[in-house]
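Observations on the model geometry
If you want the building blocks of each chain, they are given just below.
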Amino acid sequence: MPKELIEAEGFVFDMDGTLVLGDKASAGQKALPGAVETLELLRERGVPYQIFTNGTARTPEWYANAMRATGLDVRDEEFMTPSTAAAHYLKDKGAGRILVLGKEPVWKPLADLGLDVVESPGDGGPYDAIYVGWFREFTFPDLEAAVHAIWAGAKLTTASDVPFFAAAGADKRGIGTSFAINAMLKALTGAEAHVLGKPSLDALQVAKSRMGLSPDARIVVVGDDPQLEPKMANLGGAYSVGVTTGIYDEAAFASREDPSERPALLLSGIDKLAALLREGA
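Residues numbered from 1 in each chain as written. Predicted model: local features only at pLDDT ≥ 70, side-chain atom pairs only at ≥ 80, totals over all residues. Heavy atoms only, no water.

**Regarding the sheet that holds strand 6 (residues 97-101)**
Definition in use: The pairing criterion for strands is at least two bridges between them, as found by DSSP. For helices the rule is a DSSP run of H or I covering at least 4 residues; for strands it is a run of E covering at least 2, with both sets numbered from the N terminus onward. Note on contacts: a residue pair qualifies if any of its non-hydrogen atoms lie within 4.5 Å across the two residues. Structural elements are reduced to axes, namely lines fitted to C-alpha atoms, with helices fitted over the stretch in contact, and the angle between N-to-C directions of any two is expressed from 0 to 180 degrees.
Sheet architecture is open: five strands sit in the order 7-6-8-9-12, paired in parallel fashion. Whereas interior strands pair on both sides, the edge strands pair on one side only; in this sheet they are strand 7 (116-119) and strand 12 (194-195). Across four bridges, the pairing between strand 6 and strand 7 is parallel. Counterpart to Leu 99 in the pairing with strand 7 is Val 118. Its contacts with the sheet place helix 7 (residues 177-189) against strand 6, strand 8 (129-132) and strand 9 (155-158), and it is angled at close to 140° to strand 8.

And the structure:
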């Protein structure tokens, strides 16, 4: 039993491929073996946790309700999306008007925190920032609006910049829409998107704050994507746990060239984490 699991003051869990598997719109989730027990053990011990998905297709409240429907003990305030982190980041930066490429689930956490959001294609600006999230409705006018906003000085931020996420189906991959949009914007303007979902350290600090922990608290981050959860944990001083129930198998984790993308502990599933937590009781 790693001492980091025993000493952990909080846990951050990925959703798709770690606790549940759903379809390519993150709907129809089913809890993976051991997910219910893992959260129950932490609840019994008074250890706080956040469930953190890189998806913005739904609001955090919707996701939390969907998690409860699978049997997982998740309160609304224990679920966060990149928009949760983006809201705090943009407010701290003093952003005024924000052009949002995405529908209500993308911009609602920003509006709830009092930010002035304008849904794309907007009114022509001016804008202090652009925020890109899940946006399957994306059209050419949205592209034009974002390009002109960047040319006028708006900072480009995004929920995610990875091409795939774990989903049920033959290839176990859903396409991340923000990745595709970011690629178009970079090709046209040269702008690099500031990522506010995983593996952002800004997001990691938001997660700690939401758990009531200090910035230097000892936490564990659990996930299925080496580019996201292990990287965020390793760069942010947390203990990284990888699981192979998502897109990546054991060989794919082991072959990562970037050391920050290799978890300190690799498990075949969240059920193995539950077993370790029981062992350390």
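After that view, the rundown keeps rolling.
**Things to note about the sheet that holds strand 1 (residues 10-13)**
Across the sheet, which stays open at both edges, the six strands sit in the order 5-4-1-13-14-15 with parallel pairing between neighbours. Of all the strands in the sheet, the pair left with one neighbour each is strand 5 (79-80) and strand 15 (265-267). One ladder, built from four bridges, connects strand 1 with strand 13 (residues 219-223); its direction is parallel. Counted as the bridge partner of Val 12 is Val 221 from strand 13. Against the sheet, helix 11 (residues 270-279) engages strand 1, strand 13, strand 14 (239-243) and strand 15, with an angle of about 120° to strand 15.

**With respect to helix 3 (residues 60-69)**
Under the convention used in this document: Relative accessibility thresholds used throughout: buried, under 20% of the residue-type maximum; exposed, over 50%; partly exposed, between the two (1.4 Å probe, protein chains only). The directions from the helix axis to the C-beta atoms are what the arc is built from.
Buried residues of helix 3: Pro 60, Tyr 63, Ala 64, Ala 66 and Met 67, and no others. Across the axial projection of helix 3, the buried residues extend over an arc of 160°, all falling on one side. As for helix 3, its buried residues are in contact with strand 2 (20-21), strand 5, helix 4 (82-92) and helix 5 (104-112). Backbone geometry just downstream of helix 3 places Gly 71 in the positive-phi region, at approximately 100°.

**A few points about the layout of surface pockets**
For clarity, the threshold we go by: Of the grid points, spaced at 1 Å and generated over the protein atoms alone, those admitting a 1.4 Å probe that cannot get out make up cavities, while open sets with protein on both sides within 12 Å along at least five of seven lines make up pockets; any residue with an atom within 4 Å of a point is treated as lining. Grid points are joined across faces, edges and corners, and a volume is the space filled by probe spheres set on the points. Three classes are used: nonpolar for Ala, Val, Leu, Ile, Met, Phe, Trp, Tyr, Cys and Pro, charged for Asp, Glu, Lys and Arg, and polar for all others, with Gly counted as polar.
Here the largest pocket defines a volume of roughly 180 Å³. Surrounding the largest pocket, Pro 60, Glu 61, Asp 76, Phe 79, Thr 84, Ala 87, His 88, Pro 109, Asp 112, Leu 113 and Arg 210 form its lining. Going through the elements one at a time, helix 3, helix 4 and helix 5 are the ones with two or more residues in the lining of the largest pocket. Broken down by class, the residue content of the lining of the largest pocket amounts to five nonpolar, two polar and four charged.

**Comments concerning the environment of Met 211**
Position of Met 211 among the secondary structure elements: in the loop between helix 8 (201-210) and strand 13. The spatial distance from the C-alpha of Met 211 to the C-alpha of Glu 77 is 9.1 Å, given a sequence separation of 134 residues. Not counting residues within four places of it along the chain, the set of residues in contact with Met 211 comprises Gly 10, Phe 11, Val 12, Pro 48, Tyr 49, Gln 50 and Ile 219.

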